[in-house]
Amino acid sequence: MPVKSFENVTWKAAAHIILCAFALAAVMPFVLLIAASFTDNNTALAQGFSFLPKKLSLDAYVYIVREWRTIGRAYFMTILVTVSGTAISLIVTCMFAYALSQGNLPGRNLLTFLCVFPMLFNGGLVASYYVWSSVFQIKNTLWALIIPNLLMNTFNVILIKNYFQNSISPSILEAARIDGISEFGLFVRIVMPLSVPLVATIGLMGALAYWNDWTNGLYYLTERDGGQFYTIQLVLNSINENINFLANNSELMSRANIQNLPSTTMRMAIAVIGILPILAAYPFFQQYFVKGITLGGVKE
Amino acid sequence: MEITGARKKAVKWKRFMPFYIMALPGVVYLFCNNYLPMAGIVIAFKHLDFRKGIFGSEWAGLDNFKFLFASKNAFEITRNTLLYNGLFLVLGTVLAITLAVLMNEVQGKAASRLYQCLILLPFLISWVIASYLVNAFIAADTGLINNGILKPLGQKPVSWYNSKQYWPAILTICNTWKSIGYGMIIYLSSIISISQDYYEAAIIDGASKFKQIRLITLPLIKPTVITMTILTVGRIFYSDFGLFYQVPKNSGTLYSVTRTIDVYVYNALMNNSDYGMSSAASIYQSLVGFVLIISTNALLRKLSKDNALF
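Figured I'd write up the structure that's included with this text. (Residues numbered from 1 in each chain as written. Chains lettered and ligands numbered in written order. Predicted model: local features only at pLDDT ≥ 70, side-chain atom pairs only at ≥ 80, totals over all residues. Heavy atoms only, no water.)

### Description of the overall build of chain B
Put simply, the test is: Under the scheme used here, helices are H or I runs from DSSP no shorter than 4 residues and strands are E runs no shorter than 2 residues, and both carry numbers assigned from the N terminus. Atoms counted for the radius of gyration: C-alpha only. Globule rule: 2.2 Å times residue count to the power 0.38. Categorising residues by exposure relies on relative accessible area from a 1.4 Å probe, with only protein chains included: less than 20% of the type maximum marks a residue as buried, more than 50% marks it as exposed, and the intermediate range marks it as partly exposed. In this analysis, two residues are considered to be in contact whenever any of their non-hydrogen atoms come within 4.5 Å of each other. Per-residue accessibility takes into account occlusion by the displayed protein chains alone, with areas from the Shrake-Rupley method and a 1.4 Å probe. The convention is simple: Lys and Arg are positive, Asp and Glu are negative, and His and the chain ends are not counted. Charged groups are reduced to one reference atom each: NZ for lysine, CZ for arginine, CG for aspartic acid, CD for glutamic acid.
Within chain B, the regular secondary structure consists of 14 helices and two strands. The C-alpha radius of gyration of chain B comes to 26 Å, more than 25% above the 19 Å expected for a compact globule of 310 residues. Every one of the 310 residues in chain B was classed for burial, and the buried ones make up 55%. Here the analysis covers contacts within chain B between residues at least 6 apart in sequence; of these, 64% occur between residues at least 24 apart. Surface summary for chain B: the accessible area is close to 14,900 Å², and the carbon and sulfur share equals 66%. Across chain B, the 28 positively charged side chains and the 14 negatively charged ones have centroids separated by 4 Å.

In structure tokens form, the structure reads like this:
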């Protein structure tokens, strides 16, 4: 018996040590980013970033407050796109899933096929780009950030459809129908409230996808004509692009051009501002994220 | 008879109409977002001129594909996509299962939650922000590695964004860092669902911890491993665009080791306006991807029907 418990203790200790190491490795870059954003710019240039900067400074955040017109607008766009995108996306997805969940609906198999086939085959980026930019003229509009790719995830449709079919008792629906409720009323007043746990989880993952999206802006917004729609992610992306451009075209490295770019610590501060809401909300939503991942990972 | 038949039909329509109306926005969206682009595949067989539109442009036959496969790019981007995805799959699966098994050993609920919370954190941020985090480490002038590690050791600073040889390692570390939490959560949920009875019986038989893991845990999560692996293999022609585009900062000197099919398609389309090559590469990706998904799903169906996608 003592041998056994010795083994258990060893295992437990090993598990704690290894997991601690991985957890530290996962968090370290964030700590460095935050430390970097509070570093004095000249210190950063002379000695590089470190976890314990020699000289602290709030300059980067003063810059953000001063430039709040740009950064605040980007923040507002991020929130606008996340909230409206998630809401529209959930409505479209749930309604479609509800129609699919009707076992006796004529044409149901066709609808299911329409939903599943895009998981197998797609026209590729060039064709999507052509359709959205030339056919629907979505370039440099707010819709560019909301509609392409993100609006309805077909996998989620199937998940929600299965939930409607398996977890909502048909007798409740029948009773409500006998009471003369319309199908829309049934959907809004009974089906949706009964599905809150799943829909909230899927909505949270969707909101995260909108918050983090930068590809739609990369494809469909240009800095000159669509810059007013830039979200935080796109502001950070465009800073990257401008720096790369100057680095590759050193003849343009004039003082004026460099002064227009935020300094290295300011860039780190903007990145901190971009992840702050996620870091703040994360502890409260952790279980939902975990649930969202297991939902999407393997079908149950 | 006629009349009742027609009335029946009308009643049926009236009954089902609300469902069709509810499905309509989704159908319209699928049509615009997914099915119209499928027709857009024809771009790969055209010399596309945006002013003339798809149908006004001249036919190119297979010229675009010939150009693509005649260049060394086709081989390079295919090799990079497959090798990175293959490496990520093997490394990711092994590490994720290891972490999940260890997480299962941690009995304290608070400790386990804290570890999960921290290891999952990188999964929640975008690659744009991740590229800033990476930059704080490897920037040539201000990066932590050049200044905080190499300098004190008396080594010369490395120009990371111009040195190809490091990038396979850098990309692998970044990908592991960002996605390991996801895999861990999936395997952990599979481990948690294993009945405790097996372990209790094994303990009575005097099985060591290591034996329990090898003979109980691993065999019982095998279906999850197979499903996850096959789903990943089905998408092995698609790379994580953000990782390969944002983290190396789209640096041309690194292309031979960082450029995957997705990055190639993006650059050919947006930076070089080379619609022929980009659409050829993107159709190549879609078609091979389609074949892979169909065949891996057939395999999955054979192995465990419940987990098959369709």
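What follows picks up the thread again.
### Quick notes on the interface of chain B and chain A
Defined as follows: Accessible area that two parts lose when put together, evaluated with a 1.4 Å probe and summed over both, is termed the buried area. Here, a salt bridge means any Lys or Arg side-chain nitrogen found within 4 Å of an Asp or Glu carboxyl oxygen. Here a polar contact is taken to be a pair of N or O atoms separated by no more than 3.5 Å, where protein atoms must pair a possible hydrogen donor with a possible acceptor and residues adjacent in sequence count only if both atoms sit in side chains.
The interface of chain B with chain A comprises 100 residues on the first partner and 106 residues on the second. A combined buried area of about 9,300 Å² lies between chain B and chain A, and 74% of that area is made up of carbon and sulfur atoms. Where chain B meets chain A, there are zero salt bridges. Linking chain B to chain A there are 24 residue pairs in polar contact (both at pLDDT 80 or more). At 21 residues, helix 1 (residues 2-39) of chain B tops the list of elements feeding residues into the side of chain B that touches chain A.

### Re the side chain of Lys178(B)
Residue and element names in this part refer to chain B. Tracing the backbone through its elements, the reader meets Lys 178 in helix 8 (residues 167-192). We note that Lys 178 is buried and unpaired, the nearest opposite charge coming from Asp 240 at a distance of 6.0 Å. For Lys 178, the contacting residues outside a window of four places in its chain are Pro 122, Phe 123, Ile 125, Ser 126 and Trp 127.

### A short note on helix 8 of chain B
Residue and element names in this part refer to chain B. Heads up, the condition is: Between the first and last residue of a helix there are one fewer steps than residues, each counted as 1.5 Å, and that sum is the expected span. Axes are fitted to the seven residues ending at a residue and to the seven starting at it; the angle between these axes is taken as the bend at that residue.
Helix length check: helix 8, at 26 residues, gives a terminal C-alpha distance of 37 Å against a target of 38 Å (1.5 Å per residue), a fit within 8%. The largest bend in helix 8 is about 45°, located at Ser 179. Buried residues dominate helix 8, accounting for 19 of its 26 residues.

### Considerations on the layout of surface pockets
We apply this condition: Grid points spaced at 1 Å and placed over the protein atoms alone form the basis of the search, with a cavity being a set where a 1.4 Å probe fits but cannot get out and a pocket an open set showing protein on both sides within 12 Å along at least five of seven lines. Lining residues have an atom within 4 Å of a point. Grid points are joined across faces, edges and corners, and a volume is the space filled by probe spheres set on the points. Gly is put with the polar residues, along with every residue not named as nonpolar or charged; the nonpolar set is Ala, Val, Leu, Ile, Met, Phe, Trp, Tyr, Cys and Pro, and the charged set is Asp, Glu, Lys and Arg.
The space that makes up the largest pocket amounts to roughly 830 Å³. What lines the largest pocket is a set of 31 residues, among which Ile243(A), Asn244(A), Ala247(A), Arg267(A) and Asp141(B) lie closest to the centre. Secondary-structure elements contributing two or more residues to the lining of the largest pocket are helix 2 (41-47), helix 14 (232-248), helix 15 (255-260) and helix 16 (264-297) of chain A together with helix 6 (127-138) of chain B. In terms of residues, the lining of the largest pocket owes the most to one element, helix 14 of chain A, which gives six residues. Looking at the lining of the largest pocket residue by residue, the classes come out as 14 nonpolar, 14 polar and three charged.

### Some remarks on a nonpolar patch on the surface
Let me state the cut-off plainly: Here the term patch refers to residues with relative accessible area over 30% and no salt bridge, with like charges joined within 9 Å and nonpolar side chains (Val, Leu, Ile, Met, Phe, Trp, Tyr) within 5 Å.
A cluster of nonpolar side chains, contributed by Met28(A), Val31(A), Phe51(A) and Leu52(A), occupies part of the molecular surface with about 380 Å² of accessible area. When you line up the elements, Met28(A) lands in helix 1 (residues 2-37).

### Quick word on the nonpolar core
Selection rule: Here the nonpolar core consists of buried residues drawn from Ala, Val, Leu, Ile, Met, Phe, Trp, Tyr and Cys, with membership extended through side-chain atoms lying within 4.5 Å.
Among the nonpolar cores identified, the biggest contains 189 residues, and Phe96(A) and Trp167(B) are the most heavily contacted of them. Here this core takes 14 residues from helix 16 of chain A, the largest share from any one element.

### Comments concerning empty space enclosed by the protein
Residues and elements named next belong to chain A. Overall, the coordinates contain two cavities of 30 Å³ or more when judged by the stated rule. In this structure, the second largest cavity encloses a volume near 40 Å³. If you trace the second largest cavity, you find it lined by Val 81, Leu 145, Tyr 210, Asp 213, Trp 214, Gly 217, Thr 231 and Leu 234. A breakdown of the residues in the lining of the second largest cavity according to their chemical character gives five nonpolar, two polar and one charged.

### Considerations on the packing of helix 6 (residues 124-135) of chain A against helix 14 (residues 275-303) of chain B
So the rule is basically this: Only C-alpha atoms enter the line fits that serve as axes; for helices the fit covers just the stretch in contact. Angles between N-to-C directions range over 0 to 180 degrees. Each angle is binned into one of four classes, with values under 35 degrees roughly parallel, values over 145 roughly antiparallel, values of 65 to 115 roughly perpendicular, and all other values oblique.
As a packed pair, helix 6 of chain A and helix 14 of chain B sit with axes 6 Å apart at the nearest point and diverge in direction by 120°. Here helix 6 of chain A lies oblique to helix 14 of chain B, going by the angle between them. Across the interface between the two elements, Gly124(A), Leu125(A) and Val126(A) of helix 6 of chain A pack against Ser278(B), Ser279(B), Ser282(B) and Ser286(B) of helix 14 of chain B. When the residues that make up the contact of helix 6 of chain A with helix 14 of chain B are grouped by side-chain class, the tally is two nonpolar, five polar and no charged.

### Considerations on the packing of aromatic side chains
All names here are of chain B. The following threshold applies: Pairing of aromatic side chains here covers Phe, Tyr and the six-membered ring of Trp, requires ring centres within 6.5 Å, and sorts the geometry by plane angle: under 30 degrees stacked, over 60 edge-to-face, intermediate tilted. Only when the NZ atom of a Lys or the CZ atom of an Arg is both within 6 Å of the ring centre and within 35 degrees of the ring normal do we say a charge sits over the ring.
Under the defined criterion, the tally for this structure stands at 33 aromatic pairs over all chains. Their ring planes at 45° and their centres at 6.4 Å tell us that Phe 16 and Phe 19 sit as a pair that is tilted. Taken as a pair, Phe 16 and Phe 19 lie in helix 1 at a separation of three residues, close to a single helical turn. The class for Phe 16 is buried, based on a relative accessible area of 4%. Classification of Phe 19 as buried rests on a relative accessible area of 3%. Positioned above the aromatic ring of Trp 59 is the side chain of Lys 46, whose terminal nitrogen or guanidinium carbon lies 4.1 Å from the ring centre. Here the basic side chain of Lys 178 rests over the ring of Trp 127, its NZ or CZ set 4.9 Å away from the ring centre.

### A word on helix 10 (residues 183-194) of chain A
Helix length check: helix 10 of chain A (12 residues) gives 15 Å between terminal C-alpha atoms against 16 Å at 1.5 Å per residue, within 8%. Of all the residues in helix 10 of chain A, the buried ones are Glu183(A), Gly185(A), Leu186(A), Phe187(A), Ile190(A) and Val191(A).

### Focus on the environment of Val83(A)
All names here are of chain A. Relative to the elements of secondary structure, Val 83 occurs in helix 4 (residues 68-100). Overall, the relative accessible area of 53% leaves Val 83 in the exposed class. In the structure, Val 83 is positioned 120 residues away from Gly 203 in sequence and 10.0 Å away in space, judged by C-alpha atoms.

### A closer look at the pattern of salt bridges
Scanning the entire structure with this criterion turns up six salt bridges over all chains. In this structure, the salt-bridge partner of Arg177(A) is Glu183(A), at a minimum N-O distance of 2.7 Å. The buried category is assigned to Glu183(A), whose relative accessible area is 13%. The salt bridge partner of Arg259(B) is Glu76(B), with a shortest N-O separation of 3.8 Å. Taken as a pair, Arg259(B) in the loop between helix 12 (255-258) and helix 13 (261-271) and Glu76(B) in helix 4 (residues 72-105) lie far apart in primary sequence, 183 residues in all. Grouping residues by exposure puts Arg259(B) and Glu76(B) together as buried. Residues joined in a network through salt bridges with shared partners are Glu174(A), Arg177(A) and Glu183(A).

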